[in-house]
Each structure stands twice: as C-alpha cells, then as structure tokens.
2 protein chains.
Amino acid sequence: MVVALDAMGGDHGPGATIPAALDVVSNGDLAIALVGDPQAISDVLAEHSATNHPLLQVIPSDGVVEETDNPAMVFRSKPRASIFVCSGLVKMGKAHAFVSMGSTGASIAAATVTYGTMEGITRGCLGGAIIGFSPNTAIIDLGANIDVRPQQLADFGTLGSVMSRIIYGQKNPRIALLNVGSEETKGNTLVKETAELLTRSNLNYVGMIEPYDLPYDKADVVICDGFVGNVVLKLTEGLGKAIADLVRDKGAGALADEIYSMTNQLATYGGGPLLGVNGIAVVGHGAAGSTGIATAIKTAKHVFDNDFVAAQQKELDEFHTQVS
Amino acid sequence: MVVALDAMGGDHGPGATIPAALDVVSNGDLAIALVGDPQAISDVLAEHSATNHPLLQVIPSDGVVEETDNPAMVFRSKPRASIFVCSGLVKMGKAHAFVSMGSTGASIAAATVTYGTMEGITRGCLGGAIIGFSPNTAIIDLGANIDVRPQQLADFGTLGSVMSRIIYGQKNPRIALLNVGSEETKGNTLVKETAELLTRSNLNYVGMIEPYDLPYDKADVVICDGFVGNVVLKLTEGLGKAIADLVRDKGAGALADEIYSMTNQLATYGGGPLLGVNGIAVVGHGAAGSTGIATAIKTAKHVFDNDFVAAQQKELDEFHTQVS
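Residues numbered from 1 in each chain as written. Chains lettered and ligands numbered in written order. Predicted model: local features only at pLDDT ≥ 70, side-chain atom pairs only at ≥ 80, totals over all residues. Heavy atoms only, no water.

**A look at the overall build of chain A**
Along chain A, the regular secondary structure elements total 12 helices and 11 strands. The globule rule puts the C-alpha radius of gyration for 324 residues at 20 Å, and the 20 Å found for chain A is close to it. Viewed in the frame of its principal axes, chain A has a C-alpha envelope of about 60 × 55 × 35 Å. Counting all 324 residues of chain A, 60% fall into the buried class. By element, 50% of the accessible surface of chain A is carried by carbon and sulfur atoms, the whole surface being about 12000 Å². (Helix = DSSP H or I, 4+ residues; strand = E, 2+ residues; numbered from the N terminus. Rg over C-alpha atoms; globule rule 2.2 N^0.38 Å. Buried < 20%, exposed > 50% of the residue type's maximum accessible area, 1.4 Å probe, protein only. Areas by Shrake-Rupley, 256 points an atom, 1.4 Å probe, with all protein chains shown as cover.)

This is the structure we're talking about:
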C-alpha cells in the first residue's frame with residue numbers, strides 16, 4: 001500500500017510530518033509518498049539521515065492551502081497545492097489513500113472530488129473518539145456538515161457503526177443521538193425527526209445521550225450535526241487546556257500532561273478518515289505532532305486493509321432500505 | 001423585598017433550600033416565603049433552631065414538578081405544585097421574585113405565564129457564566145430555546161448585554177457569537193444571518209468566538225441557540241467531573257475540588273435569572289447545594305435592586321429599531 005502524505009499540512013509542517021513518515025515506514029509494510037516542497041522535505045530527511053529511504057518518495061507540489069482560503073474555491077487558485085497533489089496521486093492510481101493535517105475544508109473538497117460520495121450521501125462526514133475518558137466513543141460529525149437534515153444525521157449513525165466496528169473494534173456498536181435531555185420529548189426538531197428514523201432502522205440505536213455523559217462510555221457512536229460536534233470538540237480542547245494549565249501551575253506537570261492528552265485527543269492521535277466518500281482520506285488535526293501524524297497514517301492503512309469503504313456503502317444501502 | 005423560594009425544588013430539596021434561606025435572611029435585608037410541604041419545611045427549620053424566624057414565612061404547596069413531567073402540561077395536573085405557588089405569590093403581589101432549583105421547563109412556564117414576555121420577545125432565555133476560568137463570560141441561551149431564529153438569537157445579545165452590565169458589572173460588554181470558526185465564511189445559516197443583524201446594531205459586537213476560547217475571557221456575552229448552549233453547559237460539567245475524578249485518584253483532592261467547581265459553576269453558584277420576561281425568576285440548577293441556592297436568592301435581590309427588567313425592555317426596543 002502507498003499512502004500520499006501532505007508533508008506541508010498542519011501547524012508543524014515537514015518538521016512533524018517527516019518524522020511521522022519515518023516512524024511508520026520503519027515497520028516495512030507501507031510506502032509513503034511525501035508531497036510538498038522538495039527542498040523543505042529533503043532538509044528534514046537529511047537531518048534524520050534518511051535521504052534515500054527505499055519506502056519513501058518525494059513528490060513535488062507548489063503551495064499550501066491556508067485556513068483563510070475558501071475550501072470550495074482554492075483548487076482553482078492553487079491546483080498544485082500539496083493536498084491536491086496528494087488526491088491526484090490517488091486518482092492516478094499511484095497511491096491508495098491520502099493523509100493530511102492541513103485545511104479540513106480543502107481535504108474534504110479534495111476527497112469529495114477525487115472519490116465522489118457514496119450513493120445516498122451528499123457529503124462526507126468526520127468522526128472519531130475525541131474524549132480520552134471514553135476512548136471508544138466516536139462522535140460524528142465533527143464539523144464537515146454544518147447544516148444537516150434528519151436523513152443525513154441518521155446516515156452518520158450507519159457510517160459510525162461501521163467505523164466503530166472496523167476502527168474501534170466494537171462488535172455491536174451502540175448508536176446514540178446527542179441531545180439536551182434523555183427524554184424523547186426533549187430536543188430540537190432535527191433530533192426528534194432523526195430519532196424517528198433511527199428507531200425504524202436495524203441499527204443498535206440506544207436512544208439519547210446527554211453531553212454530560214460523553215466521557216462515560218455510554219455509547220460507541222454519538223451522532224450530532226457538525227456545528228454541535230465541532231463545539232464539543234473545541235470546547236473539550238479549550239477546557240482541557242485551561243484545566244491542564246491550572247494543574248501545571250500547582251506543580252503537577254505529569255498530571256497536567258495527562259489531562260491535556262485526555263482532552264486533546266485529535267492533536268495527540270492525529271485524525272480520522274472522512275466517512276461517506278468512495279476512498280480513503282484521513283483528515284487530521286493541524287496541531288498534531290509526529291506521533292499523532294504517524295497514528296493517522298496507520299489509520300489509513302488499517303481502513304485500507306479492512307474494506308472500510310465497501311462496508312460503509314453496504315450498510316448505508318441497507319439502512320436506506322430500512323427507513324424508506 | 002420578598003422572595004418566594006421553591007423549597008421543594010432541586011436534587012436536595014428542603015435540606016439545601018432551607019439552610020440557604022437562613023443564610024440569606026441573616027443579612028436582614030430580605031424576607032423569604034418558603035413554599036413547599038409545611039411538615040418537611042418545619043422539620044428542617046427545627047433542625048436549625050429557626051422555627052419562628054421573623055424574615056421567613058411558610059407557604060404550603062401540594063406536589064412538586066418532576067423532570068419527567070411535560071412542562072407545558074404540568075400546570076393542569078399539579079396546579080398547587082411548589083413552583084406554581086411561588087409564581088402565584090408574585091402574581092398576587094405577595095412576593096417580588098421567585099427562585100427555584102426545580103424543573104427548568106416548569107420554571108420557564110411559570111415565569112412566562114405570570115410575567116408575560118417582553119415586547120418583541122416570544123420566549124424567555126437563560127444565561128450565565130458557567131465556566132469558572134472565565135467568570136464574567138455569560139453564555140446565552142443555556143437551554144430555554146432549542147430551535148431559534150436569527151432575530152431571537154440576536155435578541156439574546158441585547159438581553160445578555162444588560163445582564164453583563166447589571167449582574168457581572170461589565171461596563172461595555174463585548175458580545176460574541178459562538179461559531180465553529182472565527183472567519184465570517186464559517187458557521188451555519190443561523191449564525192451567518194444573526195451576524196448580519198448584530199453588525200447593524202449598536203451593540204458592542206466583537207464577532208465570532210470559537211468554543212476553544214470560551215475559558216479565556218474573549219467576550220463578556222456569548223450567544224448561541226439553546227441546544228448548543230446546553231451542550232456547552234453539560235459537556236463542561238461532565239468533562240470537569242471526569243477530570244476532577246482523575247485528579248482525585250492521583251491523591252490531589254483539593255485540586256480536584258477546585259477543578260470541579262471551575263467546571264460546575266451552576267451547581268456551585270446556583271442559577272441565573274430568566275431573561276426576556278417582565279419579572280424576576282431565578283432558575284437554578286437541580287444539583288445546587290445551599291451555598292449555590294443562597295447565591296441564587298441574592299441574585300434575585302440584586303436584579304430587583306437594579307431595575308434589571310426595565311433595562312432589558314428598553315435595550316430590546318432600541319435594538320429592534322436599529323436592525324429593523
């Protein structure tokens with residue numbers, strides 16, 4: 001398997017992506033195409049005495065998508081940016097997946113154009129376990145879908161069920177709907193209509209989960225719209241940082257590091273695959289360090305090895321039959 | 001001033017509400033009507049050797065609204081429940097405000113029926129500073145309004161501005177809109193349309209705030225719909241509890257208590273006033289202990305003393321003129 005790695009993406013750029021790639025290829029079961037500025041990549045490879053590694057190749061790109069670029073428009077102005085060269089390698093059959101810690105919007109756009117979305121899906125979604133206290137609870141969507149309809153939200157449940165089985169090893173994933181109360185009478189219109197769909201499906205739908213319970217392993221998949229999911233993600237990170245700083249100020253440095261890691265899982269563990277598209281794109285957190293990036297690359301390999309894409313389409317088709 | 005206190009409401013009932021009332025009346029500047037089961041109230045008063053306190057009176061009620069009751073329907077089945085007796089005392093002119101740690105939905109219903117909503121407002125909203133790391137940042141709405149329109153969300157900004165001045169002492173409150181990115185191009189339809197309204201107003205609108213920044217004093221008022229606000233509230237609490245437990249397990253009990261308090265502010269500090277209604281109703285957190293309840297009662301007095309209601313209506317009228 002070949003993974004195209006956006007060597008330029010993320011807060012740390014090649015200084016983090018190249019060590020991550022070296023870490024991963026040391027297993028010998030994967031080759032990596034390092035996409036980016038050749039000089040910048042060569043410099044870091046030389047620092048690690050790895051200029052001619054047999055499992056690494058350098059693919060030049062020109063420019064990087066910035067957070068301030070409009071994801072829907074940036075392909076026109078920067079068609080040779082590292083993320084688009086990555087997805088292009090997959091399109092040409094020279095790589096089997098791409099991994100980027102860069103602009104989430106651009107990664108989604110690149111994956112959507114390259115792979116297309118699955119039948120019955122209009123846009124991919126992002127999910128993952130983001131709270132270390134409940135390390136197998138995947139929250140979907142984390143920000144790819146800001147305004148969603150009930151059928152989309154329900155689809156997150158199906159895609160999340162596949163994710164939970166294949167990535168987190170849960171046998172019969174419990175699917176829960178994030179809500180502001182556990183009673184059926186509570187919630188917004190979106191949640192109420194989605195609950196009705198989920199009840200009609202064969203998913204292992206266990207009902208509503210309150211935000212308070214997210215750290216307590218009450219479900220394997222928690223679905224919510226991307227606005228709410230992104231609030232959960234970023235509040236967890238910000239609050240965790242504030243608490244870790246407090247603990248550090250009291251002289252408990254190791255404990256502070258642990259709290260930070262528990263609440264900043266994406267930065268610690270890299271990222272997750274875009275769901276609902278016909279191919280493998282691991283969309284990472286900009287703040288990921290090389291350990292996190294290495295994990296993200298391994299995620300790409302893991303989903304590749306386990307027919308993750310086909311399993312999603314199959315279960316989506318079944319789900320749509322159940323609720324239609 | 002007389003405050004009607006729902007002595008039965010909240011997780012701890014009279015065991016917490018009565019000590020809170022005793023604490024508050026010890027200042028001598030306020031009388032409290034204790035509404036609830038006379039026997040239960042008398043028992044706790046006797047325990048505190050306060051059976052005939054000159055600033056306390058006992059008003060009997062029959063029944064309590066449970067979390068499982070439908071707030072919109074429960075007045076018919078339990079018209080003599082403690083919360084409705086509280087609001088009835090205000091309606092009859094025998095009290096100037098009511099305070100309850102019981103069912104939030106029932107408190108909102110009681111306040112809305114008793115006071116009516118302000119001109120230009122269809123439903124009250126709840127807000128307050130819930131993250132101890134940023135003790136003057138009020139988040140509105142915390143769960144009273146689950147499905148909102150842009151004008152409603154923008155109104156939270158105006159009401160929050162008054163709240164920030166009168167309750168938190170901020171001179172020129174910075175109003176921010178909670179969003180999943182700080183760029184204008186990000187966000188859902190609701191946020192984008194609300195931003196447009198806020199920009200046209202004379203509010204001190206400082207733009208978008210990301211959930212990550214909620215603990216860092218970037219704004220005095222943060223507005224969001226009640227679904228999102230409730231997620232912020234309950235995730236903060238749940239995560240704080242998980243982290244406090246972790247810290248406690250490591251033997252740092254005092255630090256754990258501090259973390260719990262920083263992330264469970266409503267339970268620690270009682271509750272906040274319902275905004276947008278023509279009277280004073282302090283809606284508290286069920287988990288509040290007597291210190292928190294005492295603070296909630298003091299909040300009722302503080303807003304009473306500072307013409308909080310009139311200030312809201314005045315600024316709402318101005319705001320509506322500015323954006324219409």
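**Comments concerning the pairing of strand β8 (residues 205-209) of chain B**
All names here are of chain B. When you tally the buried positions in β8, you get four out of five residues, the bulk of the element. Looking at chain direction, strand β7 (residues 175-178) and β8 are connected through four bridges and run parallel. Across the sheet, residue L178 finds its bridge partner in β8, namely I209. (Pairing = 2+ DSSP bridges.)

**Quick word on the relation of the copies chain A and chain B**
Superposing chain A onto chain B requires a rotation of 180 degrees together with a translation of 0.0 Å along the rotation axis, leaving an RMSD of 0.0 Å. Here the two chains are linked by the operation of a two-fold rotation axis. Using C-alpha coordinates, one finds that chain A approaches the rotation axis most closely at V228 of chain A, a distance of 3.1 Å. Counting the interface residues of chain A, we find that 100% of their copies in chain B are interface residues as well, pointing to one common contact surface. (Least-squares fit on C-alpha atoms with pLDDT ≥ 70 in both. Contact = heavy atoms within 4.5 Å.)

**Here we look at the packing of aromatic side chains**
Summed over all chains, the structure comprises six aromatic pairs over all chains. Arranged with centres 4.9 Å apart and planes meeting at 80 degrees, the rings of F75 of chain B and F84 of chain B form a pair that is edge-to-face. (Phe/Tyr/Trp six-rings, centres within 6.5 Å; stacked < 30°, edge-to-face > 60°.)

**Considerations on a negative patch on the surface**
A cluster of like negative charges, contributed by D37, D43, E47 and D62 of chain A, occupies part of the molecular surface. Position of D37 of chain A among the secondary structure elements: in the loop between β2 (31-36) and α2 (38-47). (Patch = residues over 30% accessible without salt bridge, like charges linked within 9 Å, V, L, I, M, F, W, Y side chains within 5 Å. Salt bridge = Lys/Arg side-chain N within 4 Å of Asp/Glu carboxyl O. Lys, Arg positive; Asp, Glu negative; His and termini not counted. Charge placed at Lys NZ, Arg CZ, Asp CG, Glu CD.)

**What to know about the pattern of salt bridges**
Pairing between side chains becomes possible if they bear opposite charge and their charged atoms approach one another. All told, the structure shown has 24 salt bridges over all chains when counted by the stated rule. A salt bridge links R200 of chain B to E196 of chain B, with the nearest nitrogen and oxygen atoms 3.0 Å apart. One end of the pair, R200 of chain B, and the other, E196 of chain B, are both in helix α7 (residues 189-200), four residues apart, so they sit about a helical turn from each other. A network of salt bridges, in which partner residues are shared, links R174, D217 and D220 of chain A.

**Observations concerning the interface of chain A and chain B**
Opposite the 43 residues of chain A that make contact, chain B presents 43 residues. In this assembly, chain A packs against chain B so that about 4000 Å² is buried in total across both faces, 74% of it on carbon and sulfur atoms. Among the residues of chain A in contact with chain B, Y212, F227 and L235 of chain A are the three that bury the most area, contributing 17% of the side total. The salt bridge partner of K186 of chain B is E67 of chain A, with a shortest N-O separation of 3.7 Å. (Buried area = accessible area lost by both parts, 1.4 Å probe.)

**With respect to helix α11 (residues 290-305) of chain B**
Spanning 16 residues, α11 of chain B covers 23 Å between terminal C-alpha atoms, matching the ideal 22 Å at 1.5 Å per step. In the stretch just after α11 of chain B, D307 of chain B is the one whose phi turns positive, near 50 degrees. (Expected span 1.5 Å × (residues − 1).)

**Section: the nonpolar core**
By size, the foremost hydrophobic cluster in this structure holds 235 residues, and its most contacted members are F98 of chain A together with F98 of chain B. Sequence-distant contacts of F98 of chain B, defined by excluding residues within four places in its chain, comprise A4, I83, C86, S87, V90, S107, A110, A111, Y115, I280, A281 and V282 of chain B. (Core = buried A, V, L, I, M, F, W, Y, C linked by side-chain atoms within 4.5 Å.)

**Observations concerning the side chain of S201 of chain B**
Tracing the sequence through the fold places S201 of chain B in the loop between α7 and β8. A distance of 2.8 Å separates the side chain of S201 of chain B from the backbone oxygen of L198 of chain B, its partner in a polar contact. (Polar contact = N/O pair within 3.5 Å; in protein donor to acceptor, adjacent residues only side chain to side chain.)

**A few points about the sheet that holds strand β9 (residues 221-223) of chain A**
Hydrogen bonds between backbone groups are what pair the strands of a sheet, and the pairing can be parallel or antiparallel. Residue and element names in this part refer to chain A. Judged by pairing direction, the sheet is mixed, and its 11 strands sit side by side in the order β3-β2-β1-β4-β11-β10-β5-β6-β9-β7-β8 without closing on themselves. The two strands at the open ends of the sheet, each matched to only one other strand, are β3 (56-60) and β8 (205-209). In this sheet, neighbouring strand axes are inclined to one another by 25 degrees on average, regardless of whether the strands run parallel or antiparallel. Here three bridges tie strand β1 (residues 2-6) to strand β4 (residues 97-100), and the two strands are oriented parallel to one another. If you follow V3 over to β4, its bridge partner there is A97. Sitting on the sheet, helix α6 (residues 150-168) is in contact with β5 (125-129), β6 (138-140), β7 (175-178), β9 and β10 (271-275), with an inclination near 160 degrees to β9. (Axes fitted to C-alpha atoms, helices over the stretch in contact; angles between N-to-C directions.)

**Topic: the pairing of β5 of chain A**
Residues and elements named next belong to chain A. Counting buried residues along β5, five of its five residues qualify, which places the element largely inside the surrounding structure. Judged by which residues are buried, β5 turns out to be covered on both faces: C125, G127 and A129 on one side and L126 and G128 on the other are all buried. Sheet topology note: the β5/β10 ladder contains two bridges and is antiparallel. Paired with C125 across the two strands is L275, which belongs to β10.

**Some details on the confidence of the model for chain A**
The predicted model of chain A averages 88 in pLDDT, with 98% of residues at 70 or higher. Interface scoring of the predicted complex returns ipTM 0.82; its pTM is 0.86. (pLDDT = per-residue confidence, 0-100.)

**Section: the sheet that holds strand β9 (residues 221-223) of chain B**
All names here are of chain B. In space, the 11 strands of this open sheet follow the order β3-β2-β1-β4-β11-β10-β5-β6-β9-β7-β8, with mixed pairing throughout. Looking at strand neighbours, the two that pair on one side only are β3 (56-60) and β8, the edges of this open sheet. Sheet twist, expressed as the average angle between the axes of neighbouring strands with direction ignored, equals 25 degrees.

**Things to note about the environment of G143 of chain A**
All names here are of chain A. Looking at the secondary structure, you find G143 in the loop between β6 and α6. Residues G143 and T104, spaced 39 residues apart in sequence, show a C-alpha to C-alpha distance of 8.9 Å. Here G143 is in contact with G226 and N230, once residues within four sequence places are set aside.

**Considerations on helix α4 (residues 82-91) of chain B**
All names here are of chain B. For α4, the tally of buried residues reaches eight of 10 residues, placing the bulk of the element in the interior. What α4 keeps buried is the set S82, I83, F84, V85, C86, S87, L89 and V90. Its buried side turned inward, α4 meets β1 (2-6), β2 (31-36), β3, α3 (74-77), β4 (97-100) and α5 (104-115). G93, located one to two residues past α4, shows a positive phi value of around 80 degrees.

**Here we look at the side chain of D6 of chain B**
Residue and element names in this part refer to chain B. As for its position among the elements, D6 is in strand β1. Put simply, D6 is tucked away with no salt bridge, and the nearest opposite charge, on K78, sits 11 Å away. Residues in contact with D6, not counting those within four places in the same chain, are T17, V35, S82, I83, C86, V99, S100 and G102.

**What about the environment of G116 of chain A?**
Residue and element names in this part refer to chain A. Structurally, the position occupied by G116 is in the loop between α5 (104-115) and β5. The class for G116 is partly exposed, based on a relative accessible area of 22%. Once the C-alpha coordinates of G116 and A33 are considered, the two residues, 83 residues apart in sequence, prove to be 22 Å apart.

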